[in-house]
Amino acid sequence: MNTLPPISAERLVDLLRTAPKAELHIHIEGSLEPELIFALSQRNGIAIPYASVDELRRAYAFSNLQSFLDIYYAGASVLITEQDFYDMAWAYLLKAQADHVIHTEIFFDPQTHTARGVAMKTVIDGLHRACQDAHAKLGVSASLILCFLRHLSEEDAFATLEDALPHRDQFIGVGLDSSELGHPPEKFARVFARCRELGLHLVAHAGEEGPPEYIWSALDVLKVERIDHGVQSTRDAALMKRLAAERIPLTVCPLSNQKLCVFPNLADHNLGRLLDAGLCATVNSDDPAYFGGYMNDNFLQTFAATGLTAQHAYTLMRNSFEASFLAPAAKRAMLDRVDAAFLA
Ligand SMILES: Nc1ncnc2[nH]cnc12
Ligand SMILES: [Zn+2]
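Residues numbered from 1 in each chain as written. Chains lettered and ligands numbered in written order. Predicted model: local features only at pLDDT ≥ 70, side-chain atom pairs only at ≥ 80, totals over all residues. Heavy atoms only, no water.

- An unreviewed UniProt entry annotates the chain as Adenine deaminase originating from Hydrogenophaga defluvii.
- What UniProt records for the chain under Function (unreviewed entry) is the sentence "Catalyzes the hydrolytic deamination of adenine to hypoxanthine. Plays an important role in the purine salvage pathway and in nitrogen catabolism." (UniProt positions renumbered as here; feature names shortened; annotations may be inferred.)

Pasting the structure below:
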């Protein structure tokens with residue numbers, strides 16, 4: 001990678017905003033803004049236990065991952081029709097375009113919806129139609145990754161996979177999310193082995209709140225290609241060496257980590273340490289409607305708080321495409337666009 005010439009603070013902010021970037025860790029249900037939750041609750045006649053958008057927003061004060069997940073699953077309960085899923089994804093894709101996200105790999109949590117009687121087809125068709133429209137109308141390439149909820153059983157994950165397989169051409173991979181502590185990756189060893197046989201891409205949340213051991217087992221037992229979060233890896237020197245040597249991507253989410261109290265302050269975030277140790281770390285928004293910002297908010301606030309440099313920015317943008325599941329030619333073309341932005 002090229003070494004950049006000196007760049008002014010204003011030019012760095014401009015580059016953070018306008019450089020092409022890929023987003024690899026966004027839960028589409030976490031992009032559901034309070035205004036849309038209220039609109040859908042009225043459209044579908046589903047009551048929610050908040051009197052107003054402001055009251056709902058005031059409830060977004062989290063002490064850890066579980067305190068967030070309780071509200072996140074309640075918010076998702078207003079999603080019923082194919083159009084609801086389309087509208088949610090379209091709203092996110094417009095935000096992505098505004099932030100110069102030119103490629104995004106979007107998580108969805110089907111069990112949150114099928115458990116309420118919504119058909120798998122309804123969920124996937126709505127999200128996939130929005131992804132197709134994003135490509136055609138916004139110039140944003142978008143694909144879907146189906147996540148299994150780790151607080152549920154592996155049997156439930158297998159049933160979800162079966163349910164989704166008729167729609168195999170509408171998603172590119174599987175992930176693992178929800179409550180991490182007490183639900184180690186190895187709980188899902190067999191279903192991930194099956195997904196691997198099916199040729200699906202594999203990712204998993206690990207080391208968000210959970211210990212470095214969960215990152216080792218996501219790699220060695222589940223055989224994932226990327227680690228979602230992974231910020232606890234700095235507690236384990238041998239793991240850091242392996243992640244760097246194998247260029248295993250970490251999809252880091254700084255504002256999420258701040259809001260869920262993984263780090264006391266954004267200034268304490270270890271993104272700089274991960275990058276300086278040679279890891280393929282990336283910046284992502286996780287659940288932007290709940291954590292106070294989309295991609296550019298994550299970049300701008302993190303750089304302002306930690307003093308990361310233009311060289312870090314360039315590395316992060318390149319890493320995001322390197323870590324993506326794009327086909328080689330598309331990946332090369334997008335990396336060229338990053339180089340053009342930074343080396344102009
Ligand atoms: N940050 C997160 N960690 C685990 N599961 C999630 N689901 C949505 N956001 C999540
Ligand atoms: Zn996540």
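Here the narrative resumes.
### Here we look at the environment of A164
Here is step 1: Relative to the elements of secondary structure, A164 occurs in helix α8 (residues 154–164).
Here is step 2: On a C-alpha basis, the gap between A164 and A119 in space is 10.0 Å, while along the polypeptide they are 45 residues apart.
Here is step 3: Among all residues touching A164, those that are not within four sequence positions of it are M120, I124, L146 and F171. (Helix = DSSP H or I, 4+ residues; strand = E, 2+ residues; numbered from the N terminus. Contact = heavy atoms within 4.5 Å.)

### Brief notes about the packing of aromatic side chains
Two measures describe an aromatic ring pair: the distance that separates the ring centres and the angle between the ring planes.
Here is step 1: The tally for this structure, following the rule as stated, stands at 13 aromatic pairs.
Here is step 2: With a centroid separation of 6.1 Å and an interplanar angle of 70 degrees, the aromatic rings of F148 and F192 are classed as edge-to-face. Highlighted residues: F148 in strand β3 (residues 141–149) and F192 in helix α9 (residues 189–197), separated in sequence by 44 residues.
Here is step 3: When its relative accessible area of 1% is taken as the criterion, F192 is described as buried.
Here is step 4: Following the ring pairs from residue to residue traces out a cluster consisting of Y60, F62, F68, Y72, Y73, Y290 and F291. (Phe/Tyr/Trp six-rings, centres within 6.5 Å; stacked < 30°, edge-to-face > 60°. Buried < 20%, exposed > 50% of the residue type's maximum accessible area, 1.4 Å probe, protein only.)

### Considerations on the site of ligand 1
Here is step 1: Ligand 1 sits among H27, L65, F68, L69, Y72, D177, S178, H205, E208, H229, D286 and D287.
Here is step 2: H27 is positioned with one of its side-chain polar atoms (N or O) 3.4 Å from a nitrogen atom of ligand 1.
Here is step 3: D287 places a polar side-chain atom, nitrogen or oxygen, 2.7 Å from a nitrogen atom of ligand 1.
Here is step 4: Per-element accounting of the shell around ligand 1 gives the leading share, 4 residues, to helix α4 (residues 65–76).
Here is step 5: Along the lines of polarity and charge, the residues of the shell around ligand 1 split into 4 nonpolar, 4 polar and 4 charged. (Near = heavy atom within 4 Å. Polar contact = N/O pair within 3.5 Å; in protein donor to acceptor, adjacent residues only side chain to side chain. Nonpolar A, V, L, I, M, F, W, Y, C, P; charged D, E, K, R; others polar.)

### Regarding the coordination of the zinc ion (ligand 2)
Here is step 1: Bound to the zinc ion (ligand 2) are the protein donor atoms H25 (NE2), H27 (NE2), H205 (NE2) and D286 (OD), situated 2.0 to 2.2 Å from the metal.
Here is step 2: Bound by 4 donor atoms, the zinc ion (ligand 2) shows angles of 82 to 173 degrees at the metal and therefore irregular coordination geometry.
Here is step 3: Within one chain, the residues serving as donors to the zinc ion (ligand 2) are arranged as H-x1-H-x177-H-x80-D. Of the two residues, H205 is situated in strand β5 (residues 201–206) and D286 in the loop between β8 (281–283) and α14 (288–291); the sequence distance between them amounts to 81 residues.
Here is step 4: Its relative accessible area of 5% is what places H205 among the buried residues.
Here is step 5: Overall, D286 belongs to the buried group, its relative accessible area being 2%. (Donors = N, O, S within 2.8 Å, 3.2 Å for Na, K, Ca; no water. Tetrahedral: all angles 85-135°; square planar, octahedral: opposite > 155°, others 65-115°.)

### Remarks on unusual backbone geometry
Where the residue is not glycine, phi is negative for most of them; where a peptide bond is considered, it is trans in most cases.
Here is step 1: Unlike most non-glycine residues, K223 shows phi in positive territory, near 60 degrees.
Here is step 2: Among the secondary structure elements, K223 is positioned in the loop between α10 (212–220) and β6 (226–229).
Here is step 3: Using a relative accessible area of 39% as the deciding quantity, one classes K223 as partly exposed.
Here is step 4: For H229, which is not a glycine, the phi torsion comes out positive at approximately 75 degrees.
Here is step 5: Within the secondary structure, H229 sits in strand β6.

### What about the UniProt feature "binding site: substrate" (unreviewed entry) in the chain?
Here is step 1: On the UniProt side, "binding site: substrate" (unreviewed entry) is annotated at positions that read D287 here.
Here is step 2: One can find D287 in the loop between β8 and α14.
Here is step 3: D287 gets classed as buried once you look at its relative accessible area, which sits at 2%.
Here is step 4: When neighbours within four sequence positions are excluded, D287 is seen to be in contact with H27, G30, F68 and Y72.

### Quick notes on the UniProt feature "site: Important for catalytic activity" (unreviewed entry) in the chain
Here is step 1: Per the UniProt annotation, the sites labelled "site: Important for catalytic activity" (unreviewed entry) are H229.
Here is step 2: Setting aside residues up to four positions removed in sequence, H229 forms contacts with H25, H205, A206, G207, E208, L250, T251, V252, C253, S256, N257 and D286.
Here is step 3: Among the polar contacts listed, one links the side chain of H229 to the side chain of E208, at a separation of 3.3 Å.

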